[in-house]
Amino acid sequence: MKLINGSDKNLSNILQDQQFQKMRKVNNMNNENNENEQKSSKAEQRARSSSISETFVKRFNEECSPHYIIDHNGEIFITHKCEGVPSIIKIEKNSSERYIMTLMRKFLLGGGSRIAQGAIEELQSIAFEKGLQKKVYVRNGKKDNSIYIDLANPQIKGFIKIDPDVGFQHTTDCPVPLWTSPILRPLPYPKTISRNEFFKIWETLFNFEEDYGSYLLLVFVLKCLIIDSGTCPFLIFEGPQGSGKSTMTKIVKELVDPTHPLLVTLPDKEETIAIIASLTLLPAFDNISRLNYDTADALCRLSTGSGLGSKRKLFSNSELSTFDVQRSVIFNGIEDLSSRPDFQDRSITLHLKSFDKDEKILKSDSVFWEEFKVIHGNLLGGLYEILSQVLGVLPSVTTTNLPRLSDFTRVGLALDKVLDKPEGHFEKIFTNHQKAKIFNLFSNDEFALRLKEILEKNDGKLEDSPMKILLKINSPERARHNTNLPKNIMQFRGQLKRSKAVLEEAYNIKFLDLPRSSSQRMMRIWIENYEPFSDSGDLLI
């Protein structure tokens, strides 16, 4: 074998290195060519996608005559004709994709998710340029003195119009934008029945302790259906285990706004409450044992439409996202849900009895709901007929000297007129309900009870600095066992204001800030027309 000397080895290495560099250069050129081809292919795909998206938007504008809307929450909606019936879609990157792809197939245009997203971006840009600022409704909308109800029923195209002059009727023309949110379930077609038939069914559905329970419930349902009619009341079903609280809640949901699911758990976050409220006309929360102060405050804002869920849209910007929504809400539970007077002032609380096995035949859920399906359309027909008459009477009902739930009271007074009830009928019912609620609330308000106890020990009056009054209320043994008592002056004044209605209406307790004395502010708290208790515990009259 011939040996290779050192110089031959160096020459061989040089030749190999040159060959390697040539191969590397060729490979780089091939890779560059491949990258250029891929870029060209991607550019062609983007151009094709953009072309299909633009063609779709053009066809959509030509054939569907869309109107672009930006609602008061900044959401984008498009109204268009779908098979001759007005339809409205919400334009969002994820939730709208399937609907846009369905329309593309209808227009015989190919394309997948990327092309649909391109079309959505095109539609959004048009909406921001040409869109009208307008309120978008869910399930129910209102125009002048007429109510429009979205049946959300693919078998019944169109809407139900409820009008004071013609009662209720089916229509395919809806002058207000009604969005069918993804959780809405269909309503059956309402059937015409007599008023007597309606009340015969209505009275047998519920199991209230109060004689007036079914009447107050009817007023609540009517108030829910009359959209944009002022402060929205809460409905609370309370009762022992086995009294049918969840079933009663579901019945009301089925009559006003059936959704999937019907009932949900009350969320901790205000933003989540706002999202639920934006998807349904009547949120319903099941099996609630207690409401904390923050949740009660959020729900009170939902009742008045003060805005919920304010937060920054992105971490890097200064824009706020707020839900501007107003809703009634249903709750059910075993105990008093909240001792907050502002929450209770907006609430209608109805108590349910346990079913008496000797008087009622208890049915399984499946049997009950099968029977309910049969009467569902009848109930809606009777309800809508009464609603049309209430709409006719409502403008003539007084708007002065009404309690806090004044809009609810006006609906009750209008119902009295429609049903030819004697004068003062609803006022008596509502006054009795409010008194019972105030006394129940007082018995659960530790702050109010403690203040009443101190006043009774001081001949019904107390005049001192707020700090000294607070120390008397918040004694060490009380503070250990009850964390709801105020711990500082700010909490004390806040609690005093929140409990004002309870203190005045239940036991005629009043309070007044006095002029500053030396370096201290003074306060007077007293029981108006105070009479001490006798040994037997009865008031001395």
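Going by the structure above, here's the rest.
A brief report on the enclosed structure follows. (Residues numbered from 1 in each chain as written. Predicted model: local features only at pLDDT ≥ 70, side-chain atom pairs only at ≥ 80, totals over all residues. Heavy atoms only, no water.)

**Description of the packing of aromatic side chains**
- Scanning the entire structure with this criterion turns up 19 aromatic pairs.
- Where Phe285 meets Phe331, the ring centres are 6.0 Å apart and the plane angle is 35 degrees; that geometry is what we call tilted. Taken together, the residues span a long stretch of sequence, with Phe285 in strand β12 (residues 284–285) and Phe331 in strand β15 (residues 329–333) at a distance of 46 residues.
- Take Phe331: its relative accessible area is 0%, and that puts it in the buried class.
- Judged by centre distance (6.5 Å) and plane angle (20 degrees), the ring pair of Phe368 and Phe372 falls under stacked. (Phe/Tyr/Trp six-rings, centres within 6.5 Å; stacked < 30°, edge-to-face > 60°. Helix = DSSP H or I, 4+ residues; strand = E, 2+ residues; numbered from the N terminus. Buried < 20%, exposed > 50% of the residue type's maximum accessible area, 1.4 Å probe, protein only.)

**Some points on the pattern of salt bridges**
- Within the structure shown, the criterion is met by 14 salt bridges.
- Between Glu63 and Arg59 there is a salt bridge, with its nearest N and O atoms 2.6 Å apart. Of the two residues, Glu63 and Arg59 are both situated in helix α1 (residues 6–64); the distance of 4 residues between them amounts to about one turn of the helix.
- According to the relative accessible area criterion, Arg59 is partly exposed, its value standing at 25%.
- Among the ionic pairs, Lys472 bridges to Asp464, the shortest N-O distance being 4.0 Å.
- On the basis of relative accessible area, Lys472 is assigned to the partly exposed category, the value being 35%.
- One salt-bridge network, held together by shared partners, links Glu75, Lys90 and Glu92. (Salt bridge = Lys/Arg side-chain N within 4 Å of Asp/Glu carboxyl O.)

**Here we look at the sheet that holds β12**
- Read from one edge to the other, the open sheet built from 4 strands follows the order β12-β15-β11-β16, with strand pairing classed as parallel. Two strands close off the open sheet at either side, each with one partner strand: β12 and β16 (347–351).
- Examined bridge by bridge, strand β11 (residues 234–238) and β15 share 5 bridges and lie parallel to one another. What sits directly across from Phe234, in β15, is Val329. (Pairing = 2+ DSSP bridges.)

**Some words on the packing of helix α2 (residues 97–106) against helix α3 (residues 113–130)**
- Here α2 crosses α3 at 100 degrees, and the two axes come no closer than 9 Å. Regarding the angle of α2 to α3, the classification is roughly perpendicular. Every residue of α3 that contacts α2 at Glu97, Ile100, Met101 and Met104 is listed here: Ser113, Ile115, Ala116, Gln117, Ala119, Ile120 and Leu123.
- Among the residues forming the contact of α2 with α3, the class breakdown is 8 nonpolar, 2 polar and 1 charged. (Axes fitted to C-alpha atoms, helices over the stretch in contact; angles between N-to-C directions. Parallel < 35°, antiparallel > 145°, perpendicular 65-115°, else oblique. Contact = heavy atoms within 4.5 Å. Nonpolar A, V, L, I, M, F, W, Y, C, P; charged D, E, K, R; others polar.)

**A closer look at the environment of Leu255**
- In this structure, Leu255 sits in helix α6 (residues 245–256).
- Leu255 sits 124 residues away from Leu379 along the chain, and the two C-alpha atoms are 7.8 Å apart.
- Leave out the neighbours within four places in its chain, and Leu255 touches Leu187, Trp202, Phe372, His376, Leu379 and Leu380.

**Some remarks on the pairing of strand β8 (residues 159–163)**
- β8 sits mainly inside the fold: 4 of its 5 residues count as buried.
- Two strands pair when backbone bridges link them, and strand β7 (residues 146–150) and β8 are joined in this way by 4 bridges, in the antiparallel orientation. Pairing of Tyr148 across the sheet is with Lys161, part of β8.
- Between β8 and strand β9 (residues 167–171), which pair antiparallel and follow one another directly, the connecting turn spans 3 residues.

**Quick look at the packing of helix α4 (residues 195–205) against helix α10 (residues 365–393)**
- Two elements in contact, α4 and α10, have axes whose closest approach is 9 Å; the angle formed by their N-to-C orientations is 130 degrees. The orientation of α4 with respect to α10, classified from their angle, is oblique. The two elements α4 and α10 cross, and the hand of that crossing is left-handed. For the pair α4 and α10, the contacting residues are Arg195, Phe198, Phe199, Ile201, Trp202 and Leu205 in the first and Phe368, Ile375, Asn378, Leu379, Gly382, Leu383, Ile386 and Gln389 in the second.
- Residues that form the contact of α4 with α10 fall into these classes: 10 nonpolar, 3 polar and 1 charged. (Left-handed = near helix turned anticlockwise from the far one by under 90°.)

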